[in-house]
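Summary of the model geometry
Spelled out from the first residue to the last, the chains are:
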Amino acid sequence: NKHRTAQELPAAPPFRAESPVLGSVLETRHAFDIVRSRVTYIIHEDGGDIVEASTDDDGGTIAIMATVFDGTIFSRPTINVDGDTGTILYGAFKASDGSIHVRRRLARSDTLETAVQVGSATFEDDSFHFVRALEGPGRWILVARESGGNIVEYYSSDDGETWELL
């Protein structure tokens, strides 16, 4: 197993990947569930939709799991997984009104929950991402740039179901 330097690793997120399974060169974002199942979850824009795929063999096989967002309305998706609980959060930018929306899939569930809008602000662009908060499982922080350039943080203490401005 060769060790690679930071310069040799792909930039993330997003990184550009060529997939013999999915076809063309894709701009993707990814999340890893290393602790629980060693699965890599991938979210990308594909044929007008934002879809989720996964691999558990380093990309040898890729399974398309679900359409997460309508690609004609949303763009620039992002994804993250809580390695403790198994909850997966998906986010996307809605350019028509400058909003950010988040969906979630709870551990051991095949059901994607209804998307929720994060805050009531208008966001300048799609520069946002969420990470697990240090307070423990089910806690998340979403960082974004509002119109006007202010960087803001939103906090969720219920696994992404609701978000409040910090």
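Let me begin by describing the structure that accompanies this report. Please read all numbers here as calculations on a predicted model, not as lab measurements. (Residues numbered from 1 in each chain as written. Predicted model: local features only at pLDDT ≥ 70, side-chain atom pairs only at ≥ 80, totals over all residues. Heavy atoms only, no water.)

The helix and strand inventory of the protein chain stands at zero helices and 13 strands. In the protein chain, the succession of α and β elements from N to C terminus is β-β-β-β-β-β-β-β-β-β-β-β-β. Residues counted as buried form 42% of the 166 residues belonging to the protein chain. Here the contacts in the protein chain between residues at least 6 apart in sequence split such that 36% fall between residues at least 24 apart. In the form shown here, the protein chain has an accessible surface area of approximately 9,000 Å², with 48% of it arising from carbon and sulfur atoms. (Helix = DSSP H or I, 4+ residues; strand = E, 2+ residues; numbered from the N terminus. Buried < 20%, exposed > 50% of the residue type's maximum accessible area, 1.4 Å probe, protein only. Contact = heavy atoms within 4.5 Å. Areas by Shrake-Rupley, 256 points an atom, 1.4 Å probe, with all protein chains shown as cover.)

With that settled, the discussion passes to the sheet that holds strand β6 (residues 75-81). Across the sheet, which stays open at both edges, the four strands sit in the order β6-β7-β8-β9 with antiparallel pairing between neighbours. Only two strands of the sheet have a single partner each, and these edge strands are β6 and β9 (116-117). In terms of strand pairing, strand β7 (residues 88-94) meets strand β8 (residues 99-105) through seven bridges, oriented antiparallel. Considered in β8, the bridge of phenylalanine 93 is made with isoleucine 100. (Pairing = 2+ DSSP bridges.)

Taken as a whole and assessed by the stated rule, the structure comprises three aromatic pairs. Ring centres of phenylalanine 69 and phenylalanine 74 lie 5.0 Å apart, and the angle between their planes is 50°; on these two criteria the pair is classed as tilted. You can call phenylalanine 74 buried: its relative accessible area is 12%. With a centroid separation of 6.1 Å and 85° between ring planes, the pair formed by phenylalanine 130 and tryptophan 140 is classed as edge-to-face. Here the residue phenylalanine 130 occupies a position in strand β10 (residues 123-132), and tryptophan 140 occupies one in strand β11 (residues 140-146), the gap between them amounting to 10 residues. Each member of the pair, phenylalanine 130 as well as tryptophan 140, carries the same accessibility label: buried. (Phe/Tyr/Trp six-rings, centres within 6.5 Å; stacked < 30°, edge-to-face > 60°.)

Moving on, we come to the nonpolar core. Judged by nonpolar contacts, the single largest core of 15 residues is most densely connected at Ile100, Phe123, Leu142, Tyr154 and Trp163. When contributions to this core are tallied by element, the ones reaching two or more residues are β7, β8, β10, β11 and β12 (151-156). If near-sequence neighbours (up to four positions away) are discounted, phenylalanine 123 is found in contact with Phe93, Gly98, Ser99, Ile100, Val118, Ala144, Arg145, Glu146, Ser147, Val152 and Tyr154. In terms of nonpolar packing, the next biggest core, distinct from the first, is built from 14 residues, Ala66, Val81, Tyr90 and Ala92 among them. (Core = buried A, V, L, I, M, F, W, Y, C linked by side-chain atoms within 4.5 Å.)

Even without being glycine, arginine 76 reaches a positive phi, approximately 50°. Tracing the backbone shows arginine 76 in strand β6. Of the residues examined, arginine 76 reaches a relative accessible area of 22% and is grouped as partly exposed. Its identity is not glycine, yet arginine 108 carries a phi of approximately 60°, on the positive side. Tracing the backbone through its elements, the reader meets arginine 108 in the loop between β8 and β9.

Turning to the pattern of salt bridges, a few remarks are in order. With the rule as written, the count across this model stands at six salt bridges. Residue arginine 132 pairs with aspartate 84 through a salt bridge whose shortest N-O separation is 2.7 Å. Of this pair, arginine 132 sits in strand β10 while aspartate 84 sits in the loop between β6 and β7, placing them 48 residues apart in sequence. Here aspartate 84 falls in the partly exposed class, since its relative accessible area comes to 45%. Its salt-bridge partner being glutamate 113, residue arginine 104 comes within 2.6 Å of it at the nearest N-O pair. Connected via shared salt-bridge partners are Asp82, Asp84 and Arg132. (Salt bridge = Lys/Arg side-chain N within 4 Å of Asp/Glu carboxyl O.)

Everything listed here is a matter of coordinates, which is why it stays silent on function.
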